[in-house]
Amino acid sequence: MHRRTVSSMIAVVLGVFGLSGVAYPCASLRGSARIDTVVTPCPDENGGNLETTAHVVTGTIVIANGRSTPTLGSLVVELQAFENRHFTPVARTVLNAFGDSTVHTCLGPFSAGPYLGTFALVDVNGDPISFSSVESLPLGTVAIRFLATFKGEIPEISPGERARVRVYTTAIGADVPHACVTDANGDGNTDFKVKTLTFQKLVRVPISSTDVFPGPLSISICPEIARCGDGIVNRSDEECDDGNNEQCDGCSPNCKIERCGDGIVCPNQGEECDTQAGTPACQLCNDSCKLEPKCGDGIVDADCGEECDDGNDTPCDGCSTCKIDRCGDGMLCVNEGEECDDGNTTDGDGCSSECKLPTPTPTATPSVTPSATPTVTPSATPTVTASATPTATPTVTPTETATPTVTPTVTATATPTATPTATATVTQTVTPTETSTATVTPTVTATATPTVTATPDPTPTDGKSITIGPSSMEGSIKIQAGDWVNGGYSFETNFTGNITIAAQVSITGRCIGGSLSQDTLVVPLGSINYAAVAGSDWKPTGDANSILSWQGAIMAPASLCGGGELDASKGAVFSATIFGAPPGGLVTFRFKFRDPAAKGTPNTNCTDASDPNRNRADVCGASWSATKHDP
């Protein structure tokens, strides 16, 4: 060897190893290595050149493989210094098919560094080859030649002293005992039957800068300057580096992870705005970079359609979604005297123009207990003929007319028949040839037709209310005019008895397009009687795809959002009033809503059993919300 300074490209030739023809199981690794020190001009970060010292490790590893055909996952070349009677790693380069800076082996992860460098594979002629060309390890023996560089002075390695080169090779699918499981090739998938083999070689560190043995191969030993856009996260101020300077691809041009609040609006990442990039009038930009109406900022913006603004989103407090609470707004406010609210003031549709439920027609089964106490006092003057025989058997023929007057007091819903019985008692005085007077109480049959007054079951007045939401089981969907929007609920009770549930689902959100800034769509769920059973499964069903789990559906009107789309990303609110629950009785609810068309499936009324799409789980099988007890 002779001393000289070389350029950024150095000539390298690797001697050809004589390989044995003996085959081994995939558990043998041998080879050779050497170290050289060179000084060469390498570009610096300012566009100039600096005389740079680099340690160059060249060598060959020979893998003996006789029982399987594994795949090479990674290679690691490690330079170790002799300190305190031990060899300690001081520099490392790693290589796999993806160019990762960290690789995983059966001995744990290995990362490149701390000195920048290069790692190249060469063929028998010394020409560069790709990693994929050596991935397949056939039966027999295979030689893999490498060249690894470490840029800069390494204080732990002294010229003329001993150092050690250690090479780790990790293969996938090795038919050997004690294999491990890890992502050996860096593709993100777990690999099995993984084996890591180690080869090491003692080398002598050159005393001075030398040239590698001359040959036909030219490989740069200068590592690339660390910069944003080089595809490697190699600077302290880099959070990512995707190798380009494009915006909205996940990694910004200044190598920062793109996120809400960075001042760049990225629609392809779901951003509608960015707090640092300005917001359109009548809207705010929330923490998720979604546009929202200004409603809730405590300022009444009449130009934005606000009637009020109480600075909160609490329903039924007089101002809801910046509109004054009123009957017909689609929000059930029991505390304001509403029994229902179907979003309109039309009578005859199940909820009156005053937000009252219709009075049910009672079915009465009264108990009839008629009470009739007739008073009958007939007056009779019979004619009696008797003989003077001591034992007289008179013949009495009374002539009498008994016309009782009966006035019963009856409370009933039927026409009963009352038959009172009177016993006639005759008291007579017999004197021959005289006329006696008898008092008779005859047998009387009285038929009474009472007046019946029916008292029906009272209109329920013991209702208590529950509200769930807003809950977004459907995600960020957009509701359009003509969409079927379905609503449903299921419940459990801790009591047994008959109850009535009046409910609805209301969806409030901002408008996209159209003439309104926001709108509300209400899905009426009707007023339904149920026979509750304590401890039973969910009623009317717990099956989210059953037709019984949908109590109502409505087709979104053409007036929705003034001709635009309703953003339902905030979800829906379920409101219900329960009548007939006993004191201490609890009802646990959960609800759901579904717009199949907004989810990319057929536009379907999930309450229509005749629709063939109704039974498809991807159409009508919506998820349930969280559960909640009534008050």
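So, here's what we can say about the structure. (Residues numbered from 1 in each chain as written. Predicted model: local features only at pLDDT ≥ 70, side-chain atom pairs only at ≥ 80, totals over all residues. Heavy atoms only, no water.)

1. Points about the side chain of Thr 604
And step 1. Counting through the fold element by element, Thr 604 comes out in the loop between strand E29 (587-594) and helix H1 (617-620).
And step 2. Residue classification places Thr 604 among the buried positions, given a relative accessible area of 0%.
And step 3. The contacts of Thr 604, once residues within four sequence positions are left out, are Trp 484, Asn 486, Pro 596, Asp 611, Asn 613, Arg 614, Val 619 and Cys 620. (Helix = DSSP H or I, 4+ residues; strand = E, 2+ residues; numbered from the N terminus. Buried < 20%, exposed > 50% of the residue type's maximum accessible area, 1.4 Å probe, protein only. Contact = heavy atoms within 4.5 Å.)

2. Quick notes on the state of the cysteines
And step 1. In total, this model carries 13 disulfides according to the counting rule given.
And step 2. In this model, Cys 260 is linked to Cys 289 through a disulfide, with the two sulfur atoms separated by 2.1 Å. Sign of the S-S torsion, about 95° for the bond between Cys 260 and Cys 289, identifies this disulfide as right-handed. Here the residue Cys 260 occupies a position in the loop between strand E14 (217-220) and strand E15 (283-285), and Cys 289 occupies one in the loop between E15 and strand E16 (291-293), the gap between them amounting to 29 residues.
And step 3. You can call Cys 289 buried: its relative accessible area is 0%.
And step 4. Two residues share a disulfide in this structure: Cys 606 and Cys 620, whose sulfurs sit 2.1 Å from each other. Looking along the S-S bond of the Cys 606-Cys 620 disulfide, the torsion reads about -90°, which is the left-handed sense. Of this pair, Cys 606 sits in the loop between E29 and H1 while Cys 620 is found in helix H1, placing the two residues 14 residues apart along the sequence. (Disulfide = S-S within 2.5 Å.)

3. Digging into the packing of aromatic side chains
And step 1. Taken as a whole and judged by the stated rule, the model has ten aromatic pairs.
And step 2. Ring centres of Tyr 489 and Tyr 530 lie 6.4 Å apart, and the angle between their planes is 75°; this geometry places the pair in the edge-to-face category. Of the two residues, Tyr 489 sits in strand E23 (residues 484-493) while Tyr 530 sits in strand E25 (residues 518-532), which places them 41 residues apart along the sequence.
And step 3. By relative accessible area, Tyr 489 is classed as buried at 0%.
And step 4. The ring of Trp 538 carries Arg 590 above its face, with NZ or CZ at 4.0 Å from the centroid.
And step 5. Over the face of the ring belonging to Trp 624 we find Lys 592, whose NZ or CZ atom lies 4.7 Å from the ring centre. (Phe/Tyr/Trp six-rings, centres within 6.5 Å; stacked < 30°, edge-to-face > 60°. Lys NZ or Arg CZ within 6 Å of the ring centre and 35° of its normal.)

4. Looking at the nonpolar core
And step 1. Ranked by internal contacts, the top residues of the largest apolar core, which has 35 residues, are Leu 79 and Leu 121.
And step 2. Those elements giving two or more residues to this core turn out to be strand E2 (28-43), strand E3 (49-65), strand E4 (71-83), strand E5 (86-95), strand E8 (117-122), strand E10 (140-151), strand E11 (162-172) and strand E13 (191-204).
And step 3. Ignoring sequence-local partners within four residues, the contact set of Leu 121 consists of Leu 75, Leu 95, Asp 127, Pro 128, Ile 129, Ser 130, Phe 131, Val 134, Ile 144, Arg 145 and Phe 146.
And step 4. Ranked by size, the runner-up nonpolar core spans 34 residues in total, among them Ile 468, Ile 499, Phe 574 and Phe 593. (Core = buried A, V, L, I, M, F, W, Y, C linked by side-chain atoms within 4.5 Å.)

5. A word on the sheet that holds E2
And step 1. Taken in spatial order, the five strands of this open sheet run E2-E3-E10-E8-E9, and their pairing is antiparallel. The open sheet has two free edges, formed respectively by E2 and strand E9 (128-129), since each of these has just one partner strand. (Pairing = 2+ DSSP bridges.)

6. Let's talk about the pairing of strand E24 (residues 497-512)
And step 1. Judged by how many residues are buried, E24 sits mostly within the fold: 13 of 16 residues are covered.
And step 2. Direction of pairing for E24 relative to E25: antiparallel, over a ladder of 13 bridges. What sits directly across from Ala 502, in E25, is Ser 527.
And step 3. Where E24 folds back on E25, the antiparallel hairpin that results is connected by five residues, among which Gly 513 adopts a positive phi of roughly 75°.
And step 4. Alignment of E24 against strand E28 (residues 572-579), held across seven bridges, turns out to be antiparallel. Paired with Ser 506 across the bridge in E28 is Val 573.
And step 5. The sheet contact formed by E24 and strand E27 (residues 565-567) spans two bridges and is antiparallel. In the sheet register, Ile 512 faces E27, and the bridge partner there is Glu 565.

7. Digging into the pairing of E23
Moving residue by residue along a regular strand, the side chains alternate between the two faces of the sheet.
And step 1. Among the ten residues that make up E23, eight are buried, leaving the element largely enclosed by the rest of the structure.
And step 2. As paired elements, E23 and strand E26 (residues 552-555) share four bridges and run antiparallel to each other. The partner of Gly 487 across the bridge, within E26, is Gly 552.
And step 3. Relative to E29, E23 runs antiparallel, the two sharing eight bridges. Opposite Phe 491, over in E29, you have Phe 589 as the bridge partner.

8. As for the environment of Ser 111
And step 1. If you trace the backbone, Ser 111 turns up in strand E7 (residues 108-111).
And step 2. Its relative accessible area of 34% is what places Ser 111 among the partly exposed residues.
And step 3. Distance in space between the C-alpha atoms of Ser 111 and Asp 100 is 8.8 Å, their sequence separation being eleven residues.
And step 4. A distance of 2.8 Å separates a polar atom in the side chain of Ser 111 from a polar atom in the side chain of Thr 102. (Polar contact = N/O pair within 3.5 Å; in protein donor to acceptor, adjacent residues only side chain to side chain.)

9. Things to note about a negative patch on the surface
And step 1. Taken together, the side chains of Asp 310, Asp 313, Asp 317 and Glu 336 make up a negatively charged region of the molecular surface.
And step 2. Inspection of the secondary structure puts Glu 336 in the loop between strand E18 (323-324) and strand E19 (383-385). (Patch = residues over 30% accessible without salt bridge, like charges linked within 9 Å, V, L, I, M, F, W, Y side chains within 5 Å. Areas by Shrake-Rupley, 256 points an atom, 1.4 Å probe, with all protein chains shown as cover. Salt bridge = Lys/Arg side-chain N within 4 Å of Asp/Glu carboxyl O. Lys, Arg positive; Asp, Glu negative; His and termini not counted. Charge placed at Lys NZ, Arg CZ, Asp CG, Glu CD.)

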